[in-house]
Amino acid sequence: MARSSAPVTGPATVTSGPGPGRLARWGKMLSRELTTVAITMFGLLAITFLIARVIPIDPVLAVVGDNARPDVYEAARLALGLDKPLWQQFAIYVGKVFTGDLGTSILTAQPVISDIKRVFPATLELATLGTLVGITFGIPLGVLAAVKQGRWPDQLARFIGLFGYSIPIFWLGLMGLLLFYAKLGWVSGPGRISIAYQDFVTPVTGVILLDAAMQGEWDAFWNALSHLVLPSAVLGMFSLAYISRMTRSFMIAELQQQYVIAARVKGMSEARVIWRHALRNALVPLTTVIALSYANLLEGSVLTETIFAWPGLGRYITNGLLNADMNAVLGGTLVVGAIFIGVNLFADILGRIFDPRTR
Amino acid sequence: MRHITRLITASTMIVLMTTAAYAQTPRDTVVMAKQIDDIISLDPAEAFEFSGVEVGANVYDKLITVDVAKNNALIGDLAENWTVSPDNLTYTFKIRSGIKFHSGNPLTAADVVYSFQRAVTLNKSPGFILTQFGFDKDNLLQKVKAVNDTTVEITVSKPFAPTFFLNCLTSGVASIVDSKLVMANAKDGDFGNGWLKLNSAGSGAYSVRAYRPNEQYALEANANWYKGAPKNKRVIVRHVAEPASQRLLLEKGDIDVARNLSKDQLAAVREKADIGLVQGDKGYILYLGLNTKNPNFAKPEVREALKWLVDYDSIERNIVAGTYKPHESFLPQGFLGAITDKPYKFDPAKAKELLAKAGLPNGFSVTMDVRSTAPITDIAQAIQANWAQAGVKLELIPGDGKQTLTKYRARTHDIYIGQWGPDYLDPHTNAETFAINENNGDDAKSKTLAWRNAWDIPEMTKVTQAAVLEPDADKRAAIYGVLQREHQKISPFVIMFQQVEVSAQRKNVSGWVIGPTSDTNLYAPIVKN
């Protein structure tokens, strides 16, 4: 069930060896994927644009405020191009997007593209570390649960999974802050870096850990890490829950396969059967699961970012939405869509590499 | 995989060991946590939101300012003194000599003229505060003139009350900018607006060192400020959206001042020995707007009945204690002509009597648009319960802020619950919106709050408009007193509360005073011991 793509590409792979035929096939696949991406992106653009225009919120108010005089209001309306018919507004918008111009955010008065360049690294940092936490603890936990199915390690894993899944993240975040920051003082509080260190690091990539390491500012690095530990652990808890549950079910399916029985009959050590054979096969569908959960975190977690004063993408988009800053919302949604599509594509390719039959 | 695990475990351990001694805030730097995501611009000609205006107040000087300690009396700022011509049309300001901008450029009358010219020509949201005196981009250079390097002459279009014009000059839009620096950064005739959104060109207590939208701004003290160097070297204001996070940061000493604690958090930190509270009256008025397009609200008895049907005391005690205080007239405390009369209290029997007189002995059904934020939702629910006692069935329609506002501006609401903040420190700002409606038609040019509630008041409009022409300050105050008492009786506005801003600070911080408007929240006197 995990290899639904196998029947389609499988037999062809076996018959055709390396050479120009394989290259052409990859080219064909790539162009097909790219067409799908283009259509999806256009659809995303059209739908978000339409939603942004039909919601009963006046975007002009976001520009001029509640108490604007009629002439100021009218000038702002014209400047936004809202007097033109809807299809024209859409055509103008699409044209601009193609030249890399996502418009200017009303709230920050900055081009949306430079806003996103600023907020995305913060989310990237958080999501990457969160996913690492999820993988590091989630996969072993899932494997353990599958192997000891029905016994206490399985129950424990189920409890952890349910806990991570059902505890509201804002509660977990606040309690974490209360305990590890306020009471115990083990980690630093909200924000990406303490005020005392903030001028030490010049933003290059925008990812503070990377920038600090590259510039050899190790004090700033550790300070930033101590700010990052808690929010990424909170986010990681969520992805851990998901990854461990999925690992468990994939592993159970694999452990019932005949090759596992065959391996055991051959006298292979149990550890080798589990980690080398079963897990490797389970990794194929698991890649997609991890990739999607990573993409989910990359879109930014509004609640986590709010509690930890983390200037990331999720808060940027939500803020835009609450303030009718439609350029920011459209630009942000587009980026999130692109990330999802990109990560999906990447997981597809990775799946093909892991699955020997598609090589 | 194993390597990654080991690496993460190792680094986590090291972090846990090293950060036990966390960083306190630097001694010469004041660190605040505040919700600053309302800033859309730092340009004083454009900023019209609380946070943006507050930055401007600390970065720019104006011709005139108010003395918060003396009930907002007008005092000279950059203007050493001023005279008004007998016909109340021409003002002559003498500018202090020797003042320099942060850039080192000397401040002259030419900068004043340029600042007015750019504010009026750009005509952004706060632009009307100046243009209401008859300036436009074509006549400005005739109306605002530099007589010499230290003298500016300004001519207004009508013999307005001097208090009115001078009060308006205390608002952020009348800030004086460094014309040379701004012109050097201007692009395509934008008067440097694009550049000033993120930078500063002032002569005030601080310059903007760095501003990252939705993240933080850092201000650097101006040691050469004409009033003397600020009591601290730097002010850093961080955007912390979540009040609970602000509280934790404050308790740990990672920030010095928390600006947005909610009622419950304030009650909690009040108990702490190392934290103190500072409060100040804000101009915000919390009210209900009853749309008189609804036939029931067209009846004066019904409007009055609803004013008797709000349990002001209990809402104050249980929902907004410490952050709002009871207030029933349209001018907030601290404004010229403000009154303290509170004629209404919770009296369901009296309300029922009035409803019966209006032909509605069994009450009626009506809707209220409520934005889903604290404390608005809670107050609306309390009112719902109050009104039920006289048979008024209130249905609450929740919505987001921009949504309810869009509906309100289109006059399609029954009842709107919301806040109104004065635009500048003169009674006319609130009087105009609450008591002027020049044209009640849908094509009206001026869409005041009275218009939004379809309240047609030709007589009151005339009285309110005349009040800005009364040259004598005491007589002017008296006119507003009469106006407000009449307004309390007949208007479709149930005015309930005035906002009190509270901030919590570490005990080693002193000198922070919250002024009546964002224009008067000054950082310079803040000291850390």
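Notes on the structure in this doc start here. (Residues numbered from 1 in each chain as written. Chains lettered and ligands numbered in written order. Predicted model: local features only at pLDDT ≥ 70, side-chain atom pairs only at ≥ 80, totals over all residues. Heavy atoms only, no water.)

### Digging into the overall build of chain A
Looking only at helices and strands, chain A has 15 helices and zero strands in total. Burial statistics for chain A: of 359 residues in total, 48% are counted as buried. For chain A, the share of sequence-separated contacts (at least 6 apart) that also reach a separation of at least 24 residues comes to 71%. Entry remark: accessible area of chain A is about 17,200 Å², with carbon and sulfur atoms responsible for 69%. Across chain A, the mean location of the 28 positive side-chain charges is 16 Å away from that of the 21 negative side-chain charges. (Helix = DSSP H or I, 4+ residues; strand = E, 2+ residues; numbered from the N terminus. Buried < 20%, exposed > 50% of the residue type's maximum accessible area, 1.4 Å probe, protein only. Contact = heavy atoms within 4.5 Å. Areas by Shrake-Rupley, 256 points an atom, 1.4 Å probe, with all protein chains shown as cover. Lys, Arg positive; Asp, Glu negative; His and termini not counted. Charge placed at Lys NZ, Arg CZ, Asp CG, Glu CD.)

### With respect to the packing of aromatic side chains
Applying the stated criterion across every chain yields a total of 32 aromatic pairs over all chains. Here Phe42 of chain A and Phe90 of chain A contribute two aromatic rings whose centre-to-centre distance is 6.0 Å and whose plane-to-plane angle is 70°, an arrangement assigned as edge-to-face. Taken together, the residues Phe42 of chain A in helix H2 (residues 20-54) and Phe90 of chain A in helix H5 (residues 86-98) connect sequence positions 48 residues apart. Following the ring pairs from residue to residue traces out a cluster consisting of Tyr91, Phe93, Phe133, Phe160, Phe164, Phe165 and Tyr424 of chain B. Over the ring of Tyr181 of chain A we find Lys252 of chain B; its NZ or CZ atom is 5.7 Å from the centre of that ring. (Phe/Tyr/Trp six-rings, centres within 6.5 Å; stacked < 30°, edge-to-face > 60°. Lys NZ or Arg CZ within 6 Å of the ring centre and 35° of its normal.)

### Here we look at helix H7 (residues 152-166) of chain A
Residue and element names in this part refer to chain A. Between its first and last C-alpha atoms H7 spans 21 Å; for 15 residues at 1.5 Å apiece the expected length is 21 Å, and the two agree. Listed as buried for H7 are Pro153, Asp154, Ala157, Gly161 and Gly164. The arc that holds every buried residue of H7, seen down its axis, measures 100°, which confines them to one face. Away from its buried face by more than 90 degrees, H7 exposes Trp152, Phe159, Leu162 and Ser166. Turning to H7, the residues buried within the fold contact helix H6 (112-147) and helix H10 (218-255). (Expected span 1.5 Å × (residues − 1). Arc of directions from axis to C-beta.)

### Concerning the side chain of Gln498 of chain B
All names here are of chain B. Mapped onto the elements of the fold, Gln498 is located in strand E17 (residues 493-506). Given a relative accessible area of 0%, Gln498 falls into the buried group. Among the polar contacts made by the side chain of Gln498, one reaches the main-chain carbonyl oxygen of Lys282 at a distance of 2.8 Å. If sequence neighbours within four positions are ignored, Gln498 has contacts with Asp281, Lys282, Gly283, Tyr284, Thr323, Tyr324, Lys325, His327, Pro332 and Gln333. (Polar contact = N/O pair within 3.5 Å; in protein donor to acceptor, adjacent residues only side chain to side chain.)

### Concerning unusual backbone geometry
Peptide bonds are mostly trans, and most non-glycine residues show a negative phi. Residues and elements named next belong to chain B. For Asn123, which is not a glycine, the phi torsion comes out positive at approximately 45°. Mapped onto the elements of the fold, Asn123 is located in the loop between helix H3 (109-122) and helix H4 (128-131). Residue classification places Asn123 among the partly exposed residues on the basis of a relative accessible area of 23%. Within the chain, Asn214 stands out as a residue other than glycine whose phi angle is a positive 60°. Checked against the element boundaries, Asn214 lands in the loop between strand E8 (206-212) and strand E9 (216-221).

### Some thoughts on the sheet that holds strand E7 (residues 151-155) of chain B
Residue and element names in this part refer to chain B. If you walk across this open sheet you meet the four strands as E4-E5-E7-E6, and the pairing is antiparallel. Strands at the two margins of the open sheet, each flanked by one partner only, are strand E4 (79-84) and strand E6 (144-148). Neighbour-to-neighbour, the strand axes of the sheet open up by a mean angle of 20°, direction not taken into account. Bridging between E6 and E7 involves four bridges; their strand directions are antiparallel. The partner of Asn148 across the bridge, within E7, is Thr151. (Pairing = 2+ DSSP bridges. Axes fitted to C-alpha atoms, helices over the stretch in contact; angles between N-to-C directions.)

### Section: the packing of helix H11 (residues 300-307) of chain B against helix H13 (residues 348-357) of chain B
Residue and element names in this part refer to chain B. Relative orientation of the contacting elements H11 and H13 amounts to 170°, with a least axis distance of 8 Å. By the angle between their directions, the pair H11 and H13 is classed as roughly antiparallel. Like other packed secondary-structure pairs, H11 and H13 cross with a definite hand, here left-handed. Residues Glu301, Val302, Glu304 and Ala305 of H11 touch H13, and the partners they reach there are Ala351, Leu354, Leu355 and Lys357. Counted by class, the contact of H11 with H13 contains five nonpolar, no polar and three charged residues. (Parallel < 35°, antiparallel > 145°, perpendicular 65-115°, else oblique. Left-handed = near helix turned anticlockwise from the far one by under 90°. Nonpolar A, V, L, I, M, F, W, Y, C, P; charged D, E, K, R; others polar.)

### As for the pattern of salt bridges
Under the counting rule described, the total for this entry stands at 30 salt bridges over all chains. Note that Arg77 of chain A and Glu74 of chain A form a salt bridge whose closest N and O atoms lie 3.5 Å from each other. Note that Arg77 of chain A and Glu74 of chain A are positioned in helix H4 (residues 70-79) at a spacing of three residues, about one turn of the helix. With its nearest N and O atoms 2.8 Å apart, the salt bridge here joins Glu251 of chain B to Arg247 of chain B. In this pair, Glu251 of chain B and Arg247 of chain B both sit in helix H9 (residues 243-252), four residues apart, roughly one turn of the helix. Its relative accessible area of 21% is what places Glu251 of chain B among the partly exposed residues. Overall, Arg247 of chain B belongs to the partly exposed group, its relative accessible area being 26%. (Salt bridge = Lys/Arg side-chain N within 4 Å of Asp/Glu carboxyl O.)

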